Amino acid sequence: MSFKPLSLHVPEPGCRPGDTPDFSNFEIPRAGEVSRPPVDVDPNDIRDMAFSIVRVLNKKGEAVGDWAGLLDAETLRAGLRHMLTLRAYDERMLTAQRQGKTSFYAQHLGEEAVSCAVAGALEQGDMNFPTYRQAGLLIAAGYPLETMMNQIYSNSADPLKGRQLPICYSSKEHDFFTVSGNLGTQFLQAVGWAMGSAIAGDTKIAAGWIGDGSTAESDFHAAMVFASTYRAPVMLNIVNNQWAISSFQGIARGGVGTFAARGHGFGIPAIRVDGNDFLATHAVASWAAERARRGHGPTLIEYVTYRAGAHSSSDDPSVYRSPEEAAAWPLGDPIERLKSHLIVEDEWSEERHVQAKAEAMNDVRTAQKAAEAVGTLLDGRHPTPRDMFEQVFEDMPPHLVRQRQEAGF
Amino acid sequence: MARMTMIEAIRAAHDEAMAADDRVVVYGEDVGFFGGVFRCTQGLQAKYGKERCFDAPINESGIVGTAIGMAAYGLRPVIEIQFADYVYPGFDQIASEAARIRYRSNGDFTVPIVIRMPAGGGIFGGQTHSQSPEAIFTHVCGLKTVIPSTPSDAKGLLLSAIEDPDPVIFLEPKRLYNGPFDGHHDRPVVSWKNIDAGEVPEGVSVPLGKAKITREGREITVLAYGTMVHVAQAACEETGIDCEIIDLRTLVPVDLPAIAESVKKTGRCVVVHEATRTSGYGAELLSLVQEACFYSLEAPIERVTGWDTPYPHAQEWDYFPGPARVGEALKRAMEG
């Protein structure tokens with residue numbers, strides 16, 4: 001028997017710089033097409049949901065199907081304002097980074113709905129284990145913009161004392177676990193937190209967050225094993241924004257149809273949802289939250305969205321993907337889609353939108369002025385070098401006391 | 001006062017901590033119903049229920065990562081890694097997460113966990129059941145690293161580790177689980193239960209960060225921990241050199257005043273560990289002694305360690321730094 005020499009399969013995205021974006025193979029079900037199962041459903045009965053996409057908003061902006069109707073107009077307007085604020089915040093902070101006021105920034109452009117909508121599905125006292133691209137959770141929880149900026153600027157009012165990379169916020173009070181910056185680790189910690197809640201007989205749930213690329217990390221799989229084994233009350237969120245820096249999602253996904261389908265091997269119900277559809281995103285997250293809170297265990301959710309901006313301030317996506325791809329993305333822009341919906345419902349108008357946008361930018365500018373009056377990485381007041389030695393341990397051990405003295409602080 | 005094996009002492013520490021504090025939960029591979037491959041958690045599931053003592057999937061990253069989450073929730077997880085040799089898949093969670101969460105969140109979140117693991121050789125465990133990886137942990141800022149040498153210290157230190165507000169690596173010298181071991185592998189094993197050294201006082205309490213002088217002496221200071229404390233004792237007796245043996249017990253934070261006081265008195269120092277030599281914890285000890293006691297030293301500091309090879313199987317006793325090798329180092333240090 002003879003065989004041809006083997007060759008290695010290395011997946012390639014459909015579109016590189018110079019190519020015309022083509023999403024014709026990307027199957028998008030009609031809004032309302034995927035129905036809402038009961039929260040105690042047998043995961044085996046909804047396996048198809050890992051290959052479809054839950055959508056509520058149709059092309060006209062109407063909310064259709066049985067995932068619709070969860071949120072009133074006031075809540076939706078608040079959600080829209082959160083997204084507008086996040087976009088304005090990103091714009092100003094990216095500019096601040098370009099001006100040298102901070103070392104690093106990563107924006108949410110195009111995926112604002114994911115964190116802003118999921119925030120509303122959780123209750124106070126639940127805990128998010130976010131990545132660096134879920135600042136919408138903080139904005140929706142009412143964390144002050146100025147405090148966020150103090151962290152970005154590592155100034156003397158930074159609650160983290162300048163120790164952590166910009167955008168790696170932490171606020172227990174706002175149900176926001178300290179962002180690591182290492183990838184995938186926190187998915188597992190979310191499962192542990194949820195196990196803790198169950199052990200304590202609490203009713204709180206956890207939400208783990210991970211990107212499409214980081215699902216390849218061993219910790220993703222470890223998290224799935226533990227969540228499945230102990231039926232942990234946790235919502236496992238995969239934000240599939242199509243790109244992991246320059247690697248398209250196919251590098252992490254291999255031959256499997258979807259990231260959500262990874263849940264099947266673990267017996268975890270898995271749902272794909274239109275991550276640019278605020279209503280669908282909120283509805284699916286709420287379903288998972290209720291399921292967890294009722295003791296039915298974890299849910300794996302894949303939010304299908306698109307990273308319209310660069311990975312971070314250190315990245316130039318024009319080198320590896322077509323600049324036309326974002327505009328061709330078939331699920332549109334989350335802010336535009338929620339705006340259209342509210343207008344269709346007669347709960348919003350172009351004028352009010354222009355005004356809300358200006359108000360969001362004004363809030364951000366006001367906070368920025370206050371934060372910059374304290375200091376930026378360039379100038380102003382900074383955490384002291386003495387702060388560098390604090391909180392390595394609760395009580396400073398003798399060797400650190402000696403080193404601090406040696407350093408002259 | 002009762003005599004216990006180190007296994008029973010560790011079990012008793014778990015039992016006491018779990019009885020005193022509902023937040024203490026215990027898990028790891030085979031830890032629940034079975035009570036662990038070394039039986040350190042035997043009976044805990046029956047006494048405290050499945051939610052407080054349970055089996056974990058074979059995934060060290062998962063065990064450590066979930067413990068971090070539980071600790072952030074407010075529990076006090078005490079987790080077992082079946083052998084120290086298996087800890088590496090969990091290392092990212094230990095070094096990048098557990099050790100730094102307090103620091104990076106400025107105390108907003110903390111990780112009071114204990115990561116127990118049997119370490120060291122002497123049981124013909126070969127390269128995957130014999131390693132002494134302490135230096136890998138002592139090099140990570142934000143971790144405390146502890147290693148007992150007696151049942152009494154094992155219980156007292158483990159209780160302190162569980163009460164500590166920060167992550168503690170708790171290395172258990174597995175060759176000492178059932179009885180002391182001085183490196184004379186050809187002699188019969190003596191159970192802790194048959195000797196006074198196995199006494200565990202009622203209410204024993206041993207703080208982290210405090211060394212113990214296990215033998216007072218005038219001629220030379222021996223710095224050791226875990227199994228090597230017993231080997232050093234044998235070497236001291238066999239050479240007749242009047243050694244002051246310091247059992248460090250906690251490697252980070254190390255008890256530098258105890259070390260410095262002794263070396264200033266004796267003027268000589270031998271450092272002993274089972275782990276490989278290059279970048280081992282002994283290198284740190286040499287530096288500390290040199291920095292603190294240079295003008296008191298009468299001779300170069302000697303170190304006796306495992307060789308820089310993987311831990312072999314058939315050649316275990318050629319690898320293990322037994323009393324003969326320690327004795328030679330003591331003589332060299334006396335002559336130097």
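So, a few notes on the structure that sits alongside this text. (Residues numbered from 1 in each chain as written. Chains lettered and ligands numbered in written order. Predicted model: local features only at pLDDT ≥ 70, side-chain atom pairs only at ≥ 80, totals over all residues.)

**Considering the overall build of chain A**
Within chain A, the regular secondary structure consists of 12 helices and 7 strands. Against the compact-globule benchmark of 22 Å for 409 residues, chain A has a radius of gyration of 22 Å, which places it among compact chains. Contacts in chain A between residues at least 24 apart in sequence constitute 77% of all its contacts with a sequence separation of at least 6. (Helix = DSSP H or I, 4+ residues; strand = E, 2+ residues; numbered from the N terminus. Rg over C-alpha atoms; globule rule 2.2 N^0.38 Å. Contact = placed C-beta atoms within 7 Å.)

**A few points about the pairing of strand β2 (residues 24-28) of chain B**
All names here are of chain B. For β2, the buried fraction is high: 5 of the 5 residues fall into the buried class. Alternating positions in β2 separate into two faces, V24, V26 and G28 on one and V25 and Y27 on the other, with burial throughout. Where β2 meets strand β4 (residues 76-80), 5 bridges bridge the pair, whose relative direction is parallel. Paired with G28 across the strands is E80, a residue of β4. In this structure, β2 lies alongside strand β3 (residues 53-55), joined through 3 bridges in parallel fashion. (Buried ≥ 20, exposed ≤ 12 C-beta atoms within 10 Å, placed from the backbone. Pairing = 2+ DSSP bridges.)

**Some thoughts on helix α1 (residues 73-98) of chain A**
One full turn of an α-helix is made of 3.6 residues, so residues set three or four places apart face in the same direction. For α1 of chain A, spanning 26 residues, the distance from its first C-alpha to its last is 37 Å, which sits close to the expected 38 Å at 1.5 Å a residue. Taken from the residues just after α1 of chain A, G100 of chain A is the one with a positive phi, measuring 85 degrees. (Expected span 1.5 Å × (residues − 1).)

**What to know about helix α5 (residues 185-199) of chain A**
Residues and elements named next belong to chain A. If you check α5, its first and last C-alpha atoms are 22 Å apart, about what 15 residues at 1.5 Å a residue would give, namely 21 Å. Among the 15 residues that make up α5, 15 are buried, leaving the element largely enclosed by the rest of the structure. G201, located one to two residues past α5, shows a positive phi value of around 70 degrees.

**Notes on the environment of R293 of chain A**
All names here are of chain A. Note that R293 resides in helix α8 (residues 278-293). Residue classification places R293 among the partly exposed residues on the basis of 18 C-beta atoms within 10 Å. Residues R293 and S52, 241 residues apart in the sequence, show an inter-C-alpha distance of 25 Å. If we skip the residues at most four places from it in the chain, R293 touches T203, I205 and P233.

**Thoughts on the nonpolar core**
Within the largest apolar cluster, 209 residues are counted, with the highest numbers of intra-cluster contacts made by V234 and I301 of chain A together with A232 and V272 of chain B. The element contributing the most residues to this core is α8 of chain A, with 10 residues. (Core = buried A, V, L, I, M, F, W, Y, C linked by C-beta atoms within 7 Å.)

**So, the sheet that holds strand β5 (residues 114-119) of chain B**
All names here are of chain B. Strand order in the open sheet formed by 7 strands is β3-β2-β4-β5-β7-β6-β12, and the pairing between neighbours is mixed. Whereas interior strands pair on both sides, the edge strands pair on one side only; in this sheet they are β3 and β12 (250-252). On average, adjacent strands in this sheet sit at an angle of 20 degrees to one another, irrespective of strand direction. (Axes fitted to C-alpha atoms, helices over the stretch in contact; angles between N-to-C directions.)

**What to know about the interface of chain B and chain A**
Taken together, the contact between chain B and chain A spans 36 residues of the former and 38 residues of the latter. Going through the elements one at a time, α3 (60-73), α4 (91-98) and α5 (101-104) of chain B are the ones with two or more residues in the side of chain B that touches chain A. Residue composition of the side of chain B that touches chain A, by class: 15 nonpolar, 14 polar and 7 charged. (Nonpolar A, V, L, I, M, F, W, Y, C, P; charged D, E, K, R; others polar.)

**Some words on unusual backbone geometry**
Look at the link from V252 of chain B to P253 of chain B: it is a cis peptide, with omega at -5 degrees. The backbone phi angle of Q391 of chain A is positive, close to 65 degrees, even though this residue is not glycine. With respect to the secondary-structure elements, Q391 of chain A resides in the loop between α11 (350-374) and α12 (398-407). What makes Q391 of chain A buried here is the crowd of 22 C-beta atoms within 10 Å. We note that N106 of chain B has phi near 55 degrees; this positive angle belongs to a residue other than glycine. Summarising the element assignment, N106 of chain B is placed in the loop between α5 and β5.

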